[in-house]
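Read off the chains here:
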Amino acid sequence: MTVEIFRAASESGELRPTDISLPDLYDHVMANGTAIIRGCFRPEQLGTLRDAVHAWGAQVPMHPPQTYVDENFHAFEAGISPRQKTPHVYHAFNFYRPLDLDENIRSPLLDVFNRLLEFQNALTSNQAGFVADPQGRKARPQIIHYPSGGGMFGRHTHPLEPQRIGLILGLSKRGQDFQSGSTHFESNGQAYGTEDSHDQGDLLLFRFDIPHWITAVDQGLKFDPQSQNGRWTAVLPYY
């Protein structure tokens, strides 16, 4: 099974595909499980964001694994998730209060996530913001680093509502920042990966309740979680 690929209208400004309407794109993802919008962001913009996040993580003390607080924090997650019961190895940078960040990271972060939020709301008809609504729901920017040498995330699922469609933006370049490892899905009875279709600047869309997992990144290389090497992605949970 292959993932349908659409082209972004531009690498800046309003994030929209050129060859499909948003209602048709929503229906396509809900029916088929996935889609990709290619070329949504400039590579240098994403490199700047990745560098800023890595530098922020080096300056801010790390929280313990499985921390759940409404703050800006980072934690290295490894082992078996007590909630999802899946193996995982990754560094999560959780920006649950992005408006409170210092300018040196707030600006590159929101330059990307403001576009993602506007697009996600337009696609799903949600009205998410970075500040909680009366029901306590809000969009929660997150950047995930899967280090070379075995960063991964086992097969898991999420509730469909209120997110409906998940976003995974590629922040790093295959063949340069990492060599192997990708997001895989199971939809309509078929399992498939995105190695050949999802790269830096591409936005991967998926129906939020289908099974998905991240295969090991650069398995066999030296594992160094302090290094920037590996696969970086940006996601935008809404709950």
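In this section: the packing of helix α2 (residues 43-59) against helix α3 (residues 103-124). One can describe the packing of α2 onto α3 by two numbers: an axis separation of 9 Å at closest approach and a directional angle of 140°. Between α2 and α3, the angle is such that the two are oblique. As for how α2 packs across α3, the hand of that crossing is left-handed. Every residue of α3 that contacts α2 at Gln45, Leu46, Thr48, Leu49, Ala52, Val53 and Trp56 is listed here: Asn104, Ile105, Pro108, Leu109, Asp111 and Val112. By residue class, the composition of the contact of α2 with α3 is nine nonpolar, three polar and one charged.

In terms of burial, strand β12 (residues 230-235) is largely enclosed, as six of its six residues are buried. Sheet analysis places strand β5 (residues 142-147) next to β12, joined by six bridges and oriented antiparallel. If you follow His145 over to β12, its bridge partner there is Trp232. Bridge analysis of strand β7 (residues 165-170) against β12 gives three bridges, and the strand direction is antiparallel.

Further remarks concern the nonpolar core. A general feature of soluble globular proteins is that nonpolar side chains tend to end up buried together. Counting residues in each nonpolar core, the largest one holds 44 residues, and the members touching the most others are Leu25, Leu116, Phe119, Ile143, Leu203 and Leu205. Broken down by element, the residue count for this core peaks at nine residues, all from α3. Leave out the neighbours within four places in its chain, and Ile143 touches Leu49, Val53, His91, Ala92, Phe93, Leu109, Phe113, Leu171, Trp232, Thr233 and Ala234.

So, on to the pattern of salt bridges. Counted according to the given criterion, the structure contains 14 salt bridges. With a shortest N-O distance of 3.6 Å, Arg50 and Asp177 are connected by a salt bridge. A residue pair is termed long-range when its members are at least 10 positions apart, and Arg50 in helix α2 and Asp177 in the loop between β7 and β8 (183-187) qualify at 127 residues. On the accessibility criterion, Arg50 (11% relative accessible area) is buried. According to the relative accessible area criterion, Asp177 is buried, its value standing at 16%. A salt bridge links Arg140 to Asp70; the shortest N-O distance between them is 3.7 Å. Here the residue Arg140 occupies a position in the loop between α3 and β5, and Asp70 occupies one in the loop between α2 and β3 (72-80), the gap between them amounting to 70 residues. Residue Arg140 is classed as buried on the basis of its relative accessible area of 10%. Exposure remark for Asp70: the relative accessible area of 31% places this residue in the partly exposed category. Residues participating in the shared-partner salt-bridge network are Asp70, Arg97, Lys138 and Arg140.

Next up on the list: the pairing of strand β9 (residues 190-193). Summarising the sheet, β8 and β9 pair through four bridges and their orientation is antiparallel. Its bridge partner lying in β9, Glu186 is registered against Ala191. Here β8 hands over to β9 after two residues, with Asn188 in that stretch at a positive phi of 50°.

Here the focus is unusual backbone geometry. Here the bond from Glu161 into Pro162 is cis, since omega is 0°, no more than 30 degrees from zero. As for its placement among the helices and strands, Pro162 is situated in the loop between β6 (151-156) and β7. Even without glycine at this site, Ser125 takes up a positive phi of about 65°. Tracing the backbone shows Ser125 in the loop between α3 and β5.

About the criteria used
Residues numbered from 1 in each chain as written. Predicted model: local features only at pLDDT ≥ 70, side-chain atom pairs only at ≥ 80, totals over all residues. Heavy atoms only, no water. Axes fitted to C-alpha atoms, helices over the stretch in contact; angles between N-to-C directions. Helix = DSSP H or I, 4+ residues; strand = E, 2+ residues; numbered from the N terminus. Parallel < 35°, antiparallel > 145°, perpendicular 65-115°, else oblique. Left-handed = near helix turned anticlockwise from the far one by under 90°. Contact = heavy atoms within 4.5 Å. Nonpolar A, V, L, I, M, F, W, Y, C, P; charged D, E, K, R; others polar. Buried < 20%, exposed > 50% of the residue type's maximum accessible area, 1.4 Å probe, protein only. Pairing = 2+ DSSP bridges. Core = buried A, V, L, I, M, F, W, Y, C linked by side-chain atoms within 4.5 Å. Salt bridge = Lys/Arg side-chain N within 4 Å of Asp/Glu carboxyl O.

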